[in-house]
Amino acid sequence: MAEVGVHEAKTQLSRLLVRVSSGEEITITRGGEPVARLVPATPRRHRRLGADAGQVVIAEDFDASLDDEIAATFE
């Protein structure tokens, strides 16, 4: 893992991003102390509509009125 100072990180950001995009991790230091890390971003997963179809069951009486006693606890 490479280390660069804050000043170098500011002036060489584009080059550092190229290195990071190829898989390298870079630590940014201030006064020799680590303050941040540049790491490759994880790619977003594409969501597929309907992927969970059939995994959730909604009861027939889902929207039926509650008993008065149960409804009173929510008021």
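Refer to the structure above for everything that follows.
The rules behind the values
Residues numbered from 1 in each chain as written. Predicted model: local features only at pLDDT ≥ 70, side-chain atom pairs only at ≥ 80, totals over all residues. Heavy atoms only, no water. Helix = DSSP H or I, 4+ residues; strand = E, 2+ residues; numbered from the N terminus. Rg over C-alpha atoms; globule rule 2.2 N^0.38 Å. Buried < 20%, exposed > 50% of the residue type's maximum accessible area, 1.4 Å probe, protein only. Contact = heavy atoms within 4.5 Å. Areas by Shrake-Rupley, 256 points an atom, 1.4 Å probe, with all protein chains shown as cover. Lys, Arg positive; Asp, Glu negative; His and termini not counted. Charge placed at Lys NZ, Arg CZ, Asp CG, Glu CD. Pairing = 2+ DSSP bridges. Axes fitted to C-alpha atoms, helices over the stretch in contact; angles between N-to-C directions.

**Digging into the overall build of the protein**
For step 1, the next point in the chain: What the protein contains, in helices and strands, is 3 helices and 3 strands.
For step 2, the next point in the chain: Ordered by position from N to C terminus, the α and β elements of the protein give β-α-α-β-β-α.
For step 3, the next point in the chain: On C-alpha atoms alone, the protein measures out to a radius of gyration of 26 Å, which is more than a quarter above the 11 Å that the 2.2 N^0.38 rule sets for 75 residues.
For step 4, the next point in the chain: Dimensions of the protein along its principal axes, counting C-alpha atoms only, are 70 × 30 × 20 Å.
For step 5, the next point in the chain: In the protein, which comprises 75 residues, the proportion classed as buried is 13%.
For step 6, the next point in the chain: Sequence separation of 24 or more characterises 24% of the internal contacts of the protein that already satisfy a separation of 6 or more.
For step 7, the next point in the chain: When the accessible surface of the protein is split by element, carbon and sulfur atoms take 52% of a total near 7100 Å².
For step 8, the next point in the chain: Positive and negative charge centroids in the protein, built from 9 and 13 side chains respectively, lie 24 Å apart.

**Here we look at the sheet that holds strand β1 (residues 2-5)**
For step 1, the next point in the chain: Taken in spatial order, the 3 strands of this open sheet run β1-β2-β3, and their pairing is mixed. Where the open sheet ends on each side, the last strands, each with one partner, are β1 and β3 (33-38). With strand direction ignored, the average angle separating the axes of adjacent strands in the sheet is 35 degrees.
For step 2, the next point in the chain: Bridging between strand β2 (residues 26-30) and β3 involves 5 bridges; their strand directions are antiparallel. Looking at β3, one finds that Thr 29 is bridged to Pro 34.

**Points about the pairing of β1**
Strand residues, when the strand is regular, have side chains that alternate between the two faces of the sheet.
For step 1, the next point in the chain: Taking every second residue as pointing to the same face, the buried face of β1 carries Ala 2 and Val 4, while none of Glu 3 and Gly 5 on the other face is buried.
For step 2, the next point in the chain: As paired elements, β1 and β2 share 4 bridges and run parallel to each other. Note that in β2 the partner of Val 4 across the bridge is Ile 28.

None of this, on its own, says anything about what the molecule does.
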